[in-house]
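Here's the letter readout for the chains.
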Amino acid sequence: MFFTYLRRELRRRRKAALVVASGLALGIALVIVVDSVSSGMGKAQDKVLQSLYGLGTDMTVTKAAPAGGTGQGERPRFQFDAKDSDSDEEQSSDRVMVQGFQTLAASTVGKVSDQDGVADAVGGLSLQVLKVSGEFTRGRLQQGGGEGGQGGPGGQGAPQGEVQGGGASFDVNSYSVYGTDVTEPDLGPLTSSKITSGRAFKASETDAKVAVADSSYAKEKKLKTGSTVTVKGTKYKVIGIATADSGDAAADLYLPLKQAQTLGDVKNKVTTIYVKATDSQRIDSVKSAIQKNISGTTVTTSADLADTVSGSLSTASSLATSVGRWLSVVVLIAAFLVAGLLTSSAVSRRVREFGTLKALGWTSGRVTRQVVGEAMVNGLVGGVLGIALGLVGAYVVTAVSPSLQAQLGGGSGDSGGGPGGPGGMGGPGRQTAAKTLEVALTAPVSLTTIALAVLLAVAGGLVAGGFGGWRASRLRPADALRRVE
Amino acid sequence: MYELSGVTKRYTRGKDTVNALDGIDLTIPDGDRLVIQGPTGGGKSTLLQMLGALDRPTAGRISLDGTDLASLSETRLTRVRSENIGFVFQSFNLIPTLTAQENVETALVPLGVKSKERRERAAEALASVGLGERLAHLPSEMSGGQQQRVAIARALVKRPKVLLADEPTGNLDESMRDEIMDVLERMWQELGLTYIMVTHDSSIARKAPRLATIRKGRITVKENAQA
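Residues numbered from 1 in each chain as written. Chains lettered and ligands numbered in written order. Predicted model: local features only at pLDDT ≥ 70, side-chain atom pairs only at ≥ 80, totals over all residues. Heavy atoms only, no water.

### Some details on the overall build of chain A
Stated precisely, the cut-off is as follows: Here a strand is any run of E in DSSP of at least two residues, a helix any run of H or I of at least four, and the numbering for each starts at the N terminus. Each residue's exposure class comes from its accessible area (1.4 Å probe, protein chains only) as a fraction of the maximum for that residue type: buried when under 20%, exposed when over 50%, partly exposed otherwise. Residue contacts are counted whenever heavy atoms from the two residues lie within 4.5 Å of one another. We get accessible surface area from the Shrake-Rupley algorithm with a probe of 1.4 Å; when it comes to residues, only the shown protein chains can shield them.
A tally of helices and strands in chain A yields 12 helices and 19 strands. A buried classification covers 47% of the 485 residues belonging to chain A. Considering only residue pairs separated by 6 or more positions, chain A has 85% of its internal contacts joining residues 24 or more positions apart. Total accessible area on chain A is roughly 22700 Å²; 53% of this is exposed by carbon and sulfur atoms.

Have a look at this one:
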């Protein structure tokens, strides 16, 4: 009888049922879309953050550069001798500087590893190479009769005339080098790239003169596997080409850590320690432990870094989490209220019906169950419609894949600042300028989201049924029958 | 058997208090047929609701087979209604979305009768009021007289001790009225139940063996030798 009665009543009140179900469907669909878009935002942010310090890294430990300085050393100075104007000899000079941060002793890696909750830690050294190469020639003194004479610093008794020719023609080339711990290939920025040609470092190549080039840099410099690249006079054999999974690569060249330390003249020093926690739930406690036990360091988690993301991704993410979420809540509350009021009003119209059933001996509980049952079915229909609508919405977002820009950091690189030092996180090669990445937004719908939708549908049904059931249960049969006399 | 002593029902309407029933004393033996008459607002329907355990008196005692209805809990009153009392209303009060058979079945639901038995008993009850061919019809597909016969079948399907009818022919034309009165009288005789009816219709009242008249909450009962 329960189901027969329920089915017939819903059929009779199709329009009202549809209004209730549609309201709930709208709210639930909105929740699904907002939830899936938020999840997509999260994935996009993860992708952005991943590109910064690689897979598996939960936090980085750095030591911020002092205010007003560019990382470690002094400003680079180049000295070239002027050659004769006839000479076409090219002169070249490299300066290797630690980039972005102050260095930490390599022993700090061990200290970090020893902290409770740390699964693994690996050090890396970030360098910036500035190479100036070209021709530097003296000018020639032209005297009255056109006789030539060598220019140069003038002096007393120097012949009258003017210096002609001379000058410099040079090229400045700047690129980043990252010293990686080849014994720990699973942690660090190189994990965000794939070796697309050649091979990765071997664990035995701790001090080998080998390099892995980023694909963009390799293309620009026409490097390929087997090529040789010279850094500060040292030749390195390119053993592999790495392509970043998304956005920019962590560095232009990757070298074994010891080689990078030698080039930078910073023996046993690192700029960044990449840390993997034993449990993602313990990241905050590990961060606190490191900051407490290893003084002078800055620990930056992915959550800290996420705060430095700006651009349309950040805006969209904020919209999804604030406006979207609130909008969903408001629509849901409105839908619940409308469903409740409509159900309650339906009960008012059925006073005689319920009064009669009570006169026949139906208990208040049985009448209430009937009302709640009808509201629940409305809620479930709304849930099914809402899930379908939400899936379509999420599919459309994924199909359109709107492109979002993410700006990371944005520090000038010569001053301390936000988490991780200038420019944001302690990734190599990214500290000196804002980094802009483009990511496609998707809206993945998880089973949890579907479960949430079902839960909301049931809740909507219960709220509506609660309103109506409460009214129905309070009906006294005599009053109900008297009202229609 | 009903025994009423000093039954009083007062309603408050704004600042006024209305005595719908004012110290009613009445005995209705088992198998009796009592017709209640009186002017509108005199308290007829209120008395019927007291007898049907739909409402409680403000004062006094209503006992059905020795049980004081006024002192029972809501749950017990509901059980009394479901087991012992059948109602027939002026407006039929059928559930519009249920068929004739399903409407009759609603009276058996609170008794926990299984679905198959419910269907069988409902079909029998409808057949007994001449609607054996109309089991699957909705109320909207039936005439007023047929709807009232469905209501009578619903009232009697559980084999109650008491049948309470509140203006059962009030919404029917003359031919339908006679038809329904015939059905009710036949059922009373066949089932041996106590039959209490409220009516405005003097022609029906004249045929009643006992006639109660309620005016301003007070009752007078007369035996009708002609009936």
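### What about the pairing of strand β6 (residues 85-88) of chain B?
Consecutive residues of a regular strand have side chains that alternate between opposite faces of the sheet. Residues and elements named next belong to chain B. The condition is simple: We treat two strands as partners when DSSP finds at least two bridges between them.
With burial as the criterion, each face of β6 is covered, one bearing Ile85 and Phe87 and the other bearing Gly86 and Val88. Strand direction decides the pairing type here: β6 and strand β7 (residues 162-166), joined by four bridges, are parallel. By the bridge assignment for β7, isoleucine 85 is matched with valine 162.

### A closer look at helix α5 (residues 144-156) of chain B
What counts, and what does not: Expected helix span is given by 1.5 Å per residue-to-residue step, counting one fewer step than there are residues.
With 13 residues, α5(B) extends 18 Å from end C-alpha to end C-alpha; this agrees with the ideal 18 Å at 1.5 Å per step. For α5(B), the set of buried residues is B:Gly145, B:Gln146, B:Gln147, B:Gln148, B:Arg149, B:Val150, B:Ala151, B:Ile152, B:Ala153, B:Arg154, B:Ala155 and B:Leu156. Buried residues belonging to α5(B) abut α9 (351-359) of chain A together with β6, α3 (100-105), α4 (115-128), β7 and α6 (174-191) of chain B.

### Remarks on the interface of chain B and chain A
Our working rule: Buried area is understood as the total, over both parts, of accessible area removed when two parts are fitted together, assessed with a 1.4 Å probe. Take a side-chain nitrogen of Lys or Arg and a carboxyl oxygen of Asp or Glu: if they are within 4 Å of each other, that pair is a salt bridge. Counting of polar contacts relies on pairs of N or O atoms within 3.5 Å, with two restrictions inside protein: one atom must be capable of donating a hydrogen and the other of accepting it, and residues adjacent in sequence are counted only when both atoms are side-chain atoms. Under the grouping applied here, Gly and all other residues not named as nonpolar or charged are polar, the nonpolar ones being Ala, Val, Leu, Ile, Met, Phe, Trp, Tyr, Cys and Pro and the charged ones Asp, Glu, Lys and Arg.
Taken residue by residue, the interface counts 27 residues in chain B and 23 residues in chain A. Taken together, the two surfaces of chain B and chain A that pack against each other cover about 2300 Å², and 58% of this comes from carbon and sulfur. Run the count over chain B and chain A and you get two salt bridges. One salt bridge in this structure joins A:Arg476 and B:Asp55, with 2.7 Å as the shortest N-O distance. The interface formed by chain B and chain A holds seven residue pairs in polar contact (both at pLDDT 80 or more) in total. Where the side of chain B that touches chain A is concerned, the elements lending two or more residues are α1 (44-51), α2 (74-84) and α3 of chain B. No other element matches α2(B), which puts three residues into the side of chain B that touches chain A. Residues that form the side of chain B that touches chain A fall into these classes: 10 nonpolar, nine polar and eight charged.

### Examining the packing of helix α1 (residues 2-12) of chain A against α9(A)
How two helices pack is summed up by the angle between their axes together with the distance between the axes. All names here are of chain A. Spelled out, the test is: Comment: axis = line fitted to C-alpha atoms, over the contacting stretch for helices; angle = value between 0 and 180 degrees taken between N-to-C directions. Orientation is classified from the angle alone, with under 35 degrees giving roughly parallel, over 145 giving roughly antiparallel, 65 to 115 giving roughly perpendicular, and any other angle giving oblique. We call a crossing left-handed when the near helix sits turned anticlockwise from the far one by less than a right angle, and right-handed when that turn is clockwise.
Between α1 and α9, whose axes approach to 15 Å, the crossing angle comes to 165 degrees. Judged by the angle between their axes, α1 and α9 are roughly antiparallel. Remark: the crossing between α1 and α9 carries right-handed chirality. Along its contact with α1, which presents Tyr5, Glu9 and Arg12, the element α9 presents Glu353, Phe354 and Leu357.

### A look at the pattern of salt bridges
By the definition in use, this model includes 25 salt bridges over all chains. Linking A:Glu374 and A:Arg350 is a salt bridge whose minimum nitrogen-to-oxygen distance equals 2.8 Å. Residue A:Glu374 is found in helix α10 (residues 364-400), and its partner A:Arg350 is found in the loop between α8 (312-349) and α9; the two are separated by 24 residues along the sequence. For B:Glu120, the salt bridge is made with B:Lys116, and the minimal N-O distance between the two is 3.8 Å. Here B:Glu120 and its partner B:Lys116 are both found in helix α4, four residues apart, which amounts to about one turn of the helix. Exposure remark for B:Lys116: the relative accessible area of 58% places this residue in the exposed category.

### Quick look at the sheet that holds strand β1 (residues 2-13) of chain B
Residues and elements named next belong to chain B. Strand order in this open sheet of four strands is β2-β1-β4-β5, and the pairing throughout is antiparallel. One side of each edge strand has no neighbouring strand; the edge strands of this open sheet are β2 (16-28) and β5 (67-68). The pairing of β1 with strand β4 (residues 59-64) spans five bridges and is antiparallel. Note on β4: the bridge partner recorded for leucine 4 is isoleucine 62. Strand contacts of α1: β1, β2 and β4, with the helix running at about 125 degrees to β1, the strand carrying the most contacts.

### Description of the pairing of strand β8 (residues 194-198) of chain B
Residues and elements named next belong to chain B. Which entries qualify depends on this criterion: By convention a crossover is right-handed if, when the strands point away from the viewer, the path from the first strand over the helix to the second runs clockwise.
In terms of residue burial, β8 counts as a mostly covered element, since five of its five residues are buried. Going residue by residue along β8, you find Thr194, Ile196 and Val198 tucked away on one face and Tyr195 and Met197 tucked away on the opposite face as well. Sheet topology note: the strand β3 (residues 33-37)/β8 ladder contains four bridges and is parallel. In the sheet register, arginine 33 faces β8, and the bridge partner there is tyrosine 195. Pairing between β7 and β8: five bridges, direction parallel. Counted as the bridge partner of valine 162 is threonine 194 from β8. For the segment spanning β7, α6 and β8, crossover handedness is right-handed.

### Things to note about the confidence of the model for chain A
Residue and element names in this part refer to chain A. Rules: pLDDT runs from 0 to 100 and stands for how confident the predictor is about each residue.
Scored by pLDDT, chain A has a mean of 78; 75% of the residues are at 70 or more. Here residues 145-157 scores under 50 on pLDDT; set against residues more than four positions off or in separate chains, the count is 10 contacts. Considering only residues more than four positions removed or in separate chains, one finds that residues 410-433, a stretch of pLDDT under 50, has 81 contacts.

### Let's talk about a nonpolar patch on the surface
All names here are of chain A. Short version of the rule: Patch criteria: residues need more than 30% relative accessible area and no salt bridge. Like-charged residues are merged within 9 Å; nonpolar side chains of Val, Leu, Ile, Met, Phe, Trp and Tyr are merged within 5 Å.
On the surface, Trp326, Val329, Ile333, Leu337, Leu341 and Phe467 cluster together to form a nonpolar patch covering roughly 590 Å² of accessible area. If one sorts the elements of the nonpolar patch by residue count, α8 sits on top with five residues. Structurally, isoleucine 333 is set in helix α8.

### Some remarks on a positive patch on the surface
Residues and elements named next belong to chain A. To be explicit about the condition: The positive count covers Lys and Arg only, the negative count covers Asp and Glu only, and His and the chain ends enter neither. Every charge is mapped onto a representative atom, which is NZ of Lys, CZ of Arg, CG of Asp or CD of Glu.
The grouping of Arg7, Arg11, Arg14 and Lys15 at the surface amounts to a positive patch. Elements represented by at least two residues in the positive patch include exactly α1 and α2 (14-53). With respect to the helices and strands, the residue arginine 14 is situated in helix α2. Residue arginine 14 is classed as exposed on the basis of its relative accessible area, which comes to 57%.

### A short note on the sheet that holds strand β9 (residues 210-215) of chain B
Two pairing modes exist for strands in a sheet, parallel and antiparallel, and in both the strands are linked by backbone hydrogen bonds. Residue and element names in this part refer to chain B. Here six strands make up an open sheet; going across it, the order is β6-β7-β8-β3-β9-β10 and the pairing mixed. Every other strand in the sheet has two partners, leaving β6 and β10 (218-223) as the edge strands with one partner each. The average undirected angle you get between the axes of adjacent strands in this sheet is 20 degrees. The pairing of β3 with β9 spans four bridges and is classified as parallel. Paired with valine 35 across the strands is leucine 211, a residue of β9. Lying over the sheet, α2 contacts β6 and β7, oriented at roughly 75 degrees with respect to β6. Packed on one face of the sheet, α6 meets β3, β7 and β8 and runs near 155 degrees to β8.

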